[in-house]
Structures are given as structure tokens and as C-alpha cells.
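# Breakdown of the fold
Single-letter residue listing:
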Amino acid sequence: MDSRTEIREFLTSRRARMSPQQAGLPSYGTRRVPGLRRAEVAQLAGISVEYYSRLERGDLSGVSDSVLDALARALRLDDEERTHLEDLARAAGPARRRRRRPTPQQVRPTVQRLLDAMTDAPAFVMNGRGDVLATNALGRALYAPMIGAARGATPNHSRFIFLDPCSHQFWGDWERAANDTVALLHAQAGRDPYDKDLADLIGELSTRSDDFRARWARHDVRQHHIGTKPFHHPVVGDLHLTYESLDLTADNLTLVAYGTEPGSESEDKLRLLASWAGTLDAAPGHDDRSRPVDLGR
């Protein structure tokens, strides 16, 4: 991942999505390309065209917070986009080569015990690349298709979504899951642009998936801490689950836990899934959380 390219393409994509009318500017004649011109962004931000052009070429080194504020207002960035812009500026600064603390590839025993104590909710821990590093029993049952598709390797959300056709059946809204996953990867790339494993993952997906490549070019960024997700599980059928995400700041990891609305059909199906998870735990080798899950297919 090249930081200058990411800056250039992010600013260009945000500029292209805004019309002069949305920005409160007059529009004359037919435009060859959509969106605002550089001069119009510079006018809205209160900076010179030459300075904005330098920024859009990928040079955010030394840019002040006030200029970032002005750009965010001019381009109408939301909070997460503004954070992404700050991350890109930080990566372009004098300490840009200073690597973040390495993300562990295994969770601490205390975190695993916390997961295992959550007996009524599917839960898992992942890193910023979307690798599922640990689950509880119900989480392993819920994500059985993804874990099985990994064939003993570390399950990864992006690889499953974009490289395994079974993901289209597993995710109740595949388009949304695909968009959200790419937006999370973009946000992570802004935070840690020198993560080689992340760069390798993005390169692999860009090479092997047209769907991923098209979404990556949009430069959308999102962090999803709460919400709902629909699933179609091969054992219990359709599930509509709520989720909450908790940052494990000491480890640069995220814990995600799912739940259901009380009295809902999904609550009954989650109990059924828990019963099925109990049969998995009773099987030989159940302590190996990375082993494929037999779905009886």
C-alpha cells in the first residue's frame, strides 16, 4: 500500500461524489467529469489552488489540524472519513515509518476465558485485517461455514466473502457484508499503512476478485460498532442478530458479540444453534478451535 496513492485516491473520490449544487456553488455548462473541481474545493476550504493540488497529489506532510478541518468541511466528510484523513496525514508525517505495535496472532488466555464465559451469545475476536483469532463455542458454531472454508488456516472475513461462493448463501445480505468488510479494511489501511500482512491480503483480493477490486476503488471507510446482521446458517436457517463491538486496546484487537431480540424467532434458532454447538464440543478434538466443522453436507 502506497500512502501517497491512498491520499490522492481518497481525496479525489470524495471530491468526485460532490456536486456544485450540494456545495452551494454555481454550476456553469457541462462537466467532463463528475464532482467538484480542485479550484472549487480550494475555495470552499479557504486555501490556494496550488496548495490543495499539492495535497491531492498525496503530500499531507506537515498539514495542520486547521487545514484538515477545512478539508473535512469542504468535502463534507463524516466522522469516520475525517478520522481516516487524520490517519493518512499522520502516516505522511515525519514519523511515518514508525510501525505500530505488532498485532498478536493469538489472544491472551484471559480473553479466551472471557469468550468462553459468554455461553448465550456467539462471540469472537478479530484483528484489523478481519482474521478470526478466537471464538467461543457458539461463535464457532455460527461461523462454521467460514471456519470450514479456511481448511485449518486462520479464518478471514474478506477471503471468505470474496473468494468463496458459499459466502453468498451464508450472509443474508451479501452486498452489505462485502461493502462493510472493504470499508473496514480501508480504515485499517489508513491506521497502519505499513502492515505487510494487510498489504498482502489486499493484493491477493485485488488480483483474484473483481468484486473486491471495484469496492476498493470507492475508498469508503467505516467502523461498525453496533448494528444488526442477517445470516442464513446451513443448520438453523435464517438468523437476524444484533451485534456489539468492543476494542481490546491493549492488543489492537476487537471482540464482537451477537445477540437476538427477546421473544424473536432468531432467539429460538440461536438456542437450537447452541444445542448443535454442544454436539461439536462433545466430538473428539473439540479443543482445537481452528479445525474445520462438519456441517453434514
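No experiment lies behind these values; they were computed from the predicted model shown. (Residues numbered from 1 in each chain as written. Predicted model: local features only at pLDDT ≥ 70, side-chain atom pairs only at ≥ 80, totals over all residues. Heavy atoms only, no water.)

### A few points about the packing of helix 12 (residues 174–191) against helix 13 (residues 196–208)
For any two helices packed against each other, one specifies the crossing angle of their axes together with the interaxial distance. Contact geometry of helix 12 with helix 13 gives a least axis separation of 11 Å together with a crossing angle of 145°. The element helix 12 and its partner helix 13 pack so that their crossing is left-handed. Only L198, L201 and L205 of helix 13 make contact with helix 12, whose side of the interface consists of L185, Q188 and A189. Classifying every residue of the contact of helix 12 with helix 13 gives 5 nonpolar, 1 polar and no charged. (Axes fitted to C-alpha atoms, helices over the stretch in contact; angles between N-to-C directions. Helix = DSSP H or I, 4+ residues; strand = E, 2+ residues; numbered from the N terminus. Left-handed = near helix turned anticlockwise from the far one by under 90°. Contact = heavy atoms within 4.5 Å. Nonpolar A, V, L, I, M, F, W, Y, C, P; charged D, E, K, R; others polar.)

### Details of the side chain of E6
Counting through the fold element by element, E6 comes out in helix 1 (residues 3–16). R14 is the oppositely charged side chain nearest to the buried, salt-bridge-free E6, at an N-O distance of 8.7 Å. Not counting the four nearest positions on each side in its chain, E6 is found in contact with H84, L88, H186, W216 and H219. (Buried < 20%, exposed > 50% of the residue type's maximum accessible area, 1.4 Å probe, protein only. Lys, Arg positive; Asp, Glu negative; His and termini not counted. Salt bridge = Lys/Arg side-chain N within 4 Å of Asp/Glu carboxyl O.)

### So, the nonpolar core
Membership of the largest hydrophobic core comes to 38 residues, with the highest contact counts inside it found for Y143, W171, F231 and Y258. Per element, the largest residue contribution to this core is 6 residues, and it comes from helix 12. With 27 residues, the next largest nonpolar core counts L11, A23, A42 and A72 among its residues. (Core = buried A, V, L, I, M, F, W, Y, C linked by side-chain atoms within 4.5 Å.)

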